[in-house]
Amino acid sequence: MKRGRLKLLKVLPACVILFLVMTGFSMLFPLMPEVGLRLGGSALVLGMVISSYPMGQFIASPFWSRFMAYLPIRLWLFTGIAGYSINTIAFVITDSAVLLSMMRFAGGILASLVLVFTPSIIRGILADMPSTFSYGIYGGTIGMGMTIGPVITAILHNYFEFEDIFKISALVPILVSIPLIFLIPEVNASKLKSREHGNLASFEKLIVFSSFMQTFIIINLQSILMFYLRKVAGWDTYHIAITMFINGVIASLSQLIVGRTNILKPITMLKLSIFVLIPGFLLIPINNSFEFLIVLLGIISSISSFSYPAILTLLTEGISEPEVISYFVGINNSAMSLARILGPPIHGAIFDINSLLPFYFSAFLSLTLLIILCFYYRKNKTKKSQLESQ
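Presented here is an overview of the structure given in this document. Given the structure is predicted, the values throughout are model-derived calculations rather than measurements. (Residues numbered from 1 in each chain as written. Predicted model: local features only at pLDDT ≥ 70, side-chain atom pairs only at ≥ 80, totals over all residues. Heavy atoms only, no water.)

## A short note on the overall build of the protein chain
Of regular secondary structure, the protein chain possesses 16 helices and 0 strands. Against the globule reference of 21 Å for 390 residues, the protein chain gives a C-alpha radius of gyration of 21 Å, in line with a compact fold. The dimensions of the protein chain, computed from C-alpha atoms along their principal axes, are 65 × 50 × 40 Å. Per-residue burial for the protein chain yields a buried fraction of 53% across its 390 residues. For the protein chain, the exposed area adds up to about 18,000 Å²; of that, 68% sits on carbon and sulfur atoms. (Helix = DSSP H or I, 4+ residues; strand = E, 2+ residues; numbered from the N terminus. Rg over C-alpha atoms; globule rule 2.2 N^0.38 Å. Buried < 20%, exposed > 50% of the residue type's maximum accessible area, 1.4 Å probe, protein only. Areas by Shrake-Rupley, 256 points an atom, 1.4 Å probe, with all protein chains shown as cover.)

In structure tokens, the structure reads:
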């Protein structure tokens, strides 16, 4: 027990850095409408600025693992934090949408270092614990940071000017992280060979595809649902913010708990996380009351959040090399970034046709994804058993 607590303390600096970066990143969300107005009020221009950051992550995430062995992990992490600060301070430096997009794109490329290498650090320290626990800590830390950020912005907005919040968001994570970086143990990474990992196996492709699709579907909850509640259901900003905060906390804690208890197999966790979306999306339009939806969304968030630790565990099962873990995490993060780029405009276009259509569409996609996953997982399992018996 004592040894386990000591290991958790060793993980803490990496988790705090990850939490600070994600908190600072999510602090920008409530500021985006004002940014859009300052850029001329065009939704297209604002969309270009917002999508430039995940576009940088989408391109860079799969490749960083190849360079892990060339520099100390602490230097890589510092570069990633600096990239995040570039992405944030850009809003203070320029009012040009093109320059802002370019800076956020560059920031996204560098900031992806933190998301790609942190799981390797956590997994390396907690090597004798279940993988789902390590990745549950990783996913839970991201989720908690994404949840806390908008709340901090709401508080700071009462005391600071608009530009000052960007400065705080950019500088605090990097200043606090500098001393923490020296507490992170060095990772003994090797040069990633172009070997079998150059091409994903069929099972790995299936898991990455599941990650992409599920992120694409859940984006609906994060963007279109909130717009639906404001425009159609008539909710005020306070109730929407409370709903987002509660669901974010529930999702983060669920990842930690399910990973710690280790009572479910990773593939079962993944199937459950997809299954819950089917009735969840179908039930959302039935009742728009705050009481009903806060319970329903809490259930959806608690179970759908199983997917992240499950996917990373399935991709890295039996792997101990940090550079290979980072490779798979990078591939997965790239798939998720692509889903975040494509999801909002597609769901938004469907919403413009009919406000209920995105929910039925998401339920259909969830059912289709679950069928594909079950079919191909069983097929892969049968093929694997046949090879072992030969």
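So much for the structure itself; the text now carries on.
## Focus on the environment of Thr-268
By secondary structure assignment, the location of Thr-268 is in helix α11 (residues 266-275). By relative accessible area, which is 31% here, Thr-268 ends up partly exposed. Between the C-alpha atoms of Thr-268 and Pro-30, which are 238 residues apart in sequence, the distance is 36 Å.

## Observations concerning the nonpolar core
Of all hydrophobic cores here, the largest spans 94 residues; its most connected members are Tyr-138, Leu-225, Leu-270 and Ile-284. In this structure, Ile-284 is in contact with Leu-221, Leu-225, Leu-293, Leu-296, Leu-297 and Phe-359, ignoring residues within four places of it in sequence. Membership of the second largest hydrophobic core comes to 17 residues, among which are Leu-31, Val-49, Ile-165 and Phe-166. (Core = buried A, V, L, I, M, F, W, Y, C linked by side-chain atoms within 4.5 Å. Contact = heavy atoms within 4.5 Å.)

## Let's talk about the packing of aromatic side chains
A complete count under the given rule lists 13 aromatic pairs for this structure. Here the aromatic rings of Phe-375 and Tyr-376 are separated by 5.0 Å at their centres, their planes lie at 85 degrees, and the arrangement is edge-to-face. With a relative accessible area of 41%, Tyr-376 lands in the partly exposed category. Each member of the aromatic cluster is reached from another via a ring pair, and the members are Trp-64, Phe-67, Trp-76 and Phe-117. (Phe/Tyr/Trp six-rings, centres within 6.5 Å; stacked < 30°, edge-to-face > 60°.)

## Some thoughts on the pattern of salt bridges
On inspection of all chains with the given rule, the structure shows 2 salt bridges. As a salt-bridge pair, Glu-163 and Arg-38 come within 2.6 Å of each other at their nearest N and O atoms. Taken as a pair, Glu-163 in helix α7 (residues 162-181) and Arg-38 in helix α2 (residues 32-38) lie far apart in primary sequence, 125 residues in all. One salt bridge connects Asp-164 with Lys-167, and the closest N-O pair in it is separated by 3.9 Å. Placement of the pair is Asp-164 and Lys-167 together in helix α7, with a separation of 3 residues, close to one helical turn. (Salt bridge = Lys/Arg side-chain N within 4 Å of Asp/Glu carboxyl O.)

## Points about the environment of Ile-346
Along the chain, Ile-346 turns up in helix α15 (residues 322-353). Once the C-alpha coordinates of Ile-346 and Ile-93 are considered, the two residues, 253 residues apart in sequence, prove to be 31 Å apart.

## A word on the side chain of Thr-118
Within the secondary structure layout, Thr-118 lies in helix α5 (residues 97-125). Using a relative accessible area of 2% as the deciding quantity, one classes Thr-118 as buried.

## Considerations on a nonpolar patch on the surface
Together, Val-151, Ile-155, Tyr-159, Phe-160, Phe-245 and Ile-246 make up a nonpolar patch on the protein surface, roughly 550 Å² of accessible area in all. Going through the elements one at a time, α6 (131-156) and α10 (237-261) are the ones with two or more residues in the nonpolar patch. Tracing the chain through its elements places Ile-155 in helix α6. (Patch = residues over 30% accessible without salt bridge, like charges linked within 9 Å, V, L, I, M, F, W, Y side chains within 5 Å.)

## Let's talk about the packing of helix α4 (residues 73-93) against α7
Remark: α4 packs on α7, axes separated minimally by 8 Å, with the N-to-C direction vectors making an angle of 170 degrees. Taken together, the axes of α4 and α7 are roughly antiparallel relative to one another. Contacts between α4 and α7 involve Arg-74, Leu-77, Phe-78, Ile-81, Ala-82, Tyr-84, Ser-85, Thr-88, Ile-89, Phe-91 and Val-92 on the former and, on the latter, Glu-163, Phe-166, Lys-167, Ser-169, Ala-170, Pro-173, Ile-174, Ser-177, Ile-178 and Ile-181. The residue makeup of the contact of α4 with α7, split by class, is 14 nonpolar, 4 polar and 3 charged. (Axes fitted to C-alpha atoms, helices over the stretch in contact; angles between N-to-C directions. Parallel < 35°, antiparallel > 145°, perpendicular 65-115°, else oblique. Nonpolar A, V, L, I, M, F, W, Y, C, P; charged D, E, K, R; others polar.)

## With respect to α11
When α11 is considered as a whole, its buried residues turn out to be Pro-266, Ile-267, Met-269, Leu-270, Ser-273 and Ile-274. Buried residues of α11, viewed axially, fall in a sector of 160 degrees; they line one side. (Arc of directions from axis to C-beta.)

## Section: the packing of α6 against helix α14 (residues 307-316)
Put simply, α6 and α14 touch, their axes get as near as 8 Å, and they point 135 degrees apart. Between α6 and α14, the angle falls in the class oblique. For the pair α6 and α14, the sense of crossing is right-handed. Judged by residue contacts, Ser-131, Thr-132, Tyr-135, Gly-136, Tyr-138, Gly-139 and Ile-142 of α6 engage Tyr-308, Pro-309, Leu-312, Thr-313 and Thr-316 from α14. (Left-handed = near helix turned anticlockwise from the far one by under 90°.)

## Concerning the environment of Gly-348
Residue placement: Gly-348 occurs in helix α15. For Gly-348 and Pro-358, which are 10 residues apart along the polypeptide, the C-alpha to C-alpha distance reads 8.1 Å.

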